[in-house]
Amino acid sequence: MYSPSKAHPKNRIRGGQEEGFSLVEMLVVLAIMGLLVGLVAPRVLGYLGGAKVDTAKAQIRNIDSALELFFIDNGRYPSDEEGLQVLAARSEGLPQWNGPYLKGADVLRDPWGNSYQYATAKDDRGFVVRSLGRDGKEGGDGEDRDLP
C-alpha cells in the first residue's frame, strides 16, 4: 500500500510536524536577497553606464581616424552638409574617394542610439565629432555629459 511518508524523504513526519521552511525563515532569506540586490544592482548599472561612455569615446576616436583618412584622399574634411555619412558611402564630386572609411551606418550612432554630431571647426582645427550622451541634449553630468 502507498504511504506518502515513505515515498519521499522530504515528506517524512518528524515529531508530528512535516519538515520544511517556516514562513519566518523564508521572509528572512527574501530580506537578505533584497538587501544584496539593493547593494549590488546600482554598482552593476554604474559599470554598464561607464562602459557605454568608454565605448562612445572609442567610437569617436575611430571616426576621427576615418576623417583623417578621408582628408588624405580628398584634401579636405567632409562638409557639414555631407556629414559623417560620406565616410560610409561615396558622395558625388569626390573622384579621390577611396572608402568606405567606416563600415556600416551603425557606427554613426552612439551607444545610446543617438547620431554623432559632426561639424567643421571654425578655428582651422579641422572638425569636431561629439556625442551628446545618454539624454541627447547639450550639457549634463555622468552619462548625460557631452563627449568630445
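The rules behind the values
Residues numbered from 1 in each chain as written. Predicted model: local features only at pLDDT ≥ 70, side-chain atom pairs only at ≥ 80, totals over all residues. Heavy atoms only, no water. Helix = DSSP H or I, 4+ residues; strand = E, 2+ residues; numbered from the N terminus. Buried < 20%, exposed > 50% of the residue type's maximum accessible area, 1.4 Å probe, protein only. Contact = heavy atoms within 4.5 Å. Salt bridge = Lys/Arg side-chain N within 4 Å of Asp/Glu carboxyl O. Pairing = 2+ DSSP bridges. Phe/Tyr/Trp six-rings, centres within 6.5 Å; stacked < 30°, edge-to-face > 60°.

**Observations concerning the environment of K57**
Then, number 1: Within the secondary structure, K57 is located in helix α2 (residues 23-74).
Then, number 2: Taking the relative accessible area as the measure of exposure, K57 reaches 35% and is therefore partly exposed.
Then, number 3: In this structure, K57 is in contact with R145 and L147, ignoring residues within four places of it in sequence.

**Concerning the pattern of salt bridges**
Then, number 1: Scanning the entire structure with this criterion turns up two salt bridges.
Then, number 2: A salt bridge links R76 to E82, with the shortest nitrogen-to-oxygen separation between them at 2.9 Å.
Then, number 3: The shortest N-O distance in the salt bridge between E138 and R130 comes to 3.1 Å.
Then, number 4: Overall, E138 belongs to the exposed group, its relative accessible area being 59%.

**Notes on the pairing of strand β4 (residues 127-130)**
Then, number 1: Side chains F127 and V129 project from β4 onto a buried face, and the interleaved V128 and R130 project onto a face without burial.
Then, number 2: In this sheet, β4 lies alongside strand β3 (residues 117-120) in antiparallel orientation, the contact comprising four bridges. Its bridge partner lying in β4, Y118 is registered against V129.

**Let's talk about the packing of aromatic side chains**
Then, number 1: Within this structure, the stated rule accounts for four aromatic pairs.
Then, number 2: Ring geometry for F70 versus Y101: centroids 5.7 Å apart, planes at 75 degrees, classification edge-to-face. With a gap of 31 residues between them, F70 in helix α2 and Y101 in the loop between α2 and β3 connect regions that are remote in the sequence.
Then, number 3: The buried category is assigned to Y101, whose relative accessible area is 13%.
Then, number 4: Members of the aromatic cluster, joined through ring pairs, are F70, W97 and Y101.

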